[in-house]
Structure formats: C-alpha cells, structure tokens
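What follows is each chain in one-letter form.
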Amino acid sequence: MSTPAAPSVLFVCVHNAGRSQIGAAFLTHLAGDKVQVRSAGSAPADAVNPAVVEAMREVGIDISAETPKVLTVEAVQSSDVVITMGCGDACPYFPGKRYLDWKLEDPAGQGVAAVRPIRDEIEQRIRGLLAELGIEAAR
C-alpha cells in the first residue's frame, strides 16, 4: 500500500518578495513535509522585502535566506494548488489545477506595522487551506 504523494502548493505574486514569501513560509512551518511548497513571482525583485523578513521573525519564522524566484510554466504544471496574490494575467493557467486568488494588500514599500495585518491574514488563510486539504497544522 503506497502513501499518496504530498500535495504541492505554489504561491505567486508579482515580485515574490512579500505575500508569496509569507504564504510559503507559513505553509512550510505549519505543514512540514506533508505539503510541497514553492513560491515565485512574475517579475521577481532582487531581495525579499526587509519589513516582511522582520514581521515573520516576530512570529518565529526566519525567511532571511529566501530569494525571489521567477515564475515558470514548469512550476505551475507541477503544482496541485496555485495561489495567486495579485499577479493578474501574468499567471499561466492550466486546466485541472486548483487556483485560488487571494486578494491581499501589497506590502511593497511599507513598514513592519503595515505588514503585520497582511502576515496575520495570510496565516489564517493558510490554516484554512490546511483544513481543506485534511492536513493538521503544527502548533
């Protein structure tokens, strides 16, 4: 009897420097190896937003070593769930994939105080996604 493969989730935003990095970090933190996690951007920035790094550090998640990655067709094709966060028409669409479009404020150019509510909203959505996938979140 084989174990089913872990579902794969791809987070996409324009710069892969804020929202998608937060989503990927929370999903990795809360699901561990029960989910394959990727993130990418349609026009990646040079670095992850420092305010996002700091906001995640406040909740005990270190993303300081993460770097923005370019969105590829292969990344979308190999994902079960694609969560877009404001990338609009730049996200490729493939039939048979589950797409979720999370409308969230963009943390670009904002300080830590503005990033915290975005971070907290993403965490709640990640917890909801895990419940939908039947995966228990880590404490």
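What counts as what
- Residues numbered from 1 in each chain as written.
- Predicted model: local features only at pLDDT ≥ 70, side-chain atom pairs only at ≥ 80, totals over all residues.
- Heavy atoms only, no water.
- Helix = DSSP H or I, 4+ residues; strand = E, 2+ residues; numbered from the N terminus.
- Pairing = 2+ DSSP bridges.
- Axes fitted to C-alpha atoms, helices over the stretch in contact; angles between N-to-C directions.
- Contact = heavy atoms within 4.5 Å.
- Salt bridge = Lys/Arg side-chain N within 4 Å of Asp/Glu carboxyl O.
- Buried < 20%, exposed > 50% of the residue type's maximum accessible area, 1.4 Å probe, protein only.
- Core = buried A, V, L, I, M, F, W, Y, C linked by side-chain atoms within 4.5 Å.
- Expected span 1.5 Å × (residues − 1).
- Arc of directions from axis to C-beta.

Looking at an unreviewed UniProt entry, the protein chain carries the name Arsenate reductase ArsC, with the source organism given as Streptomyces rameus.

A word on unusual backbone geometry
Although it is not a glycine, Asn 16 adopts a positive phi angle of roughly 50°. Tracing the sequence through the fold places Asn 16 in the loop between β1 (8–13) and α1 (19–31).

Some points on the sheet that holds β1
One open sheet holds the four strands; their spatial order is β2-β1-β3-β4, and the pairing between them is parallel. Each of the sheet's edge strands pairs with one partner strand only, and the pair in question is β2 (36–41) and β4 (98–101). Adjacent strand axes in the sheet meet at a mean angle of 20°, parallel and antiparallel pairs treated alike. By the bridge criterion, six bridges tie β1 to β2 in an arrangement that is parallel. Each bridged residue has a counterpart across the sheet, and for Ser 8 the counterpart in β2 is Gln 36. Across the sheet, helix α4 (residues 112–133) is in contact with β1, β3 (81–84) and β4; its angle to β4 comes to roughly 155°.

A look at the pattern of salt bridges
Tallied over the entire structure, the rule returns ten salt bridges. Between Glu 58 and Arg 119 there is a salt bridge whose closest N-O contact spans 3.1 Å. With Glu 58 in helix α2 (residues 50–58) and Arg 119 in helix α4, this pair connects stretches of sequence that are 61 residues apart. By relative accessible area, Glu 58 is classed as partly exposed at 38%. For Arg 119, a relative accessible area of 7% translates into the label buried. Measuring nitrogen to oxygen at the nearest pair gives 2.3 Å for the salt bridge that ties Glu 132 to Arg 98. Here Arg 98 lies in strand β4 and Glu 132 lies in helix α4, a separation of 34 residues in the sequence.

Points about the environment of Asp 120
Mapped onto the elements of the fold, Asp 120 is located in helix α4. C-alpha of Asp 120 to C-alpha of Gln 110: the two residues are ten residues apart in sequence and 15 Å apart in space.

Some remarks on the side chain of Arg 19
With respect to the element layout, Arg 19 can be found in helix α1. You can call Arg 19 buried: its relative accessible area is 6%. Beyond its immediate chain neighbours, meaning those up to four positions away, Arg 19 contacts Cys 13, Met 85, Gly 86, Leu 104, Glu 105, Asp 106, Pro 107, Ile 118 and Ile 122.

Some thoughts on the nonpolar core
The biggest cluster of nonpolar side chains holds 32 residues, and the ones touching the most others in it are Phe 11, Ile 126 and Leu 130. Put simply, the parts of the chain that give this core at least two residues each are β1, α1, α2, β3 and α4. Broken down by element, this core gets its largest block of residues, seven residues, from α1. Residues Leu 10, Val 12, Ala 40 and Val 76 belong to the second largest nonpolar core, which totals seven residues.

Some details on α4
Compared with the 32 Å implied by 1.5 Å per residue over 22 residues, the 31 Å span of α4 between its first and last C-alpha is a close match. Buried within α4 we find Val 115, Ile 118, Arg 119, Ile 122, Glu 123, Ile 126, Leu 129 and Leu 130. Buried residues of α4, seen end-on, are gathered within an arc of 150° and therefore sit on one face of the element. Of the exposed residues in α4, the ones pointing more than 90 degrees away from its buried face are Ala 113, Pro 117, Ala 131 and Glu 132. Close packing links the buried residues of α4 with β1, α1, α2, β3 and β4.

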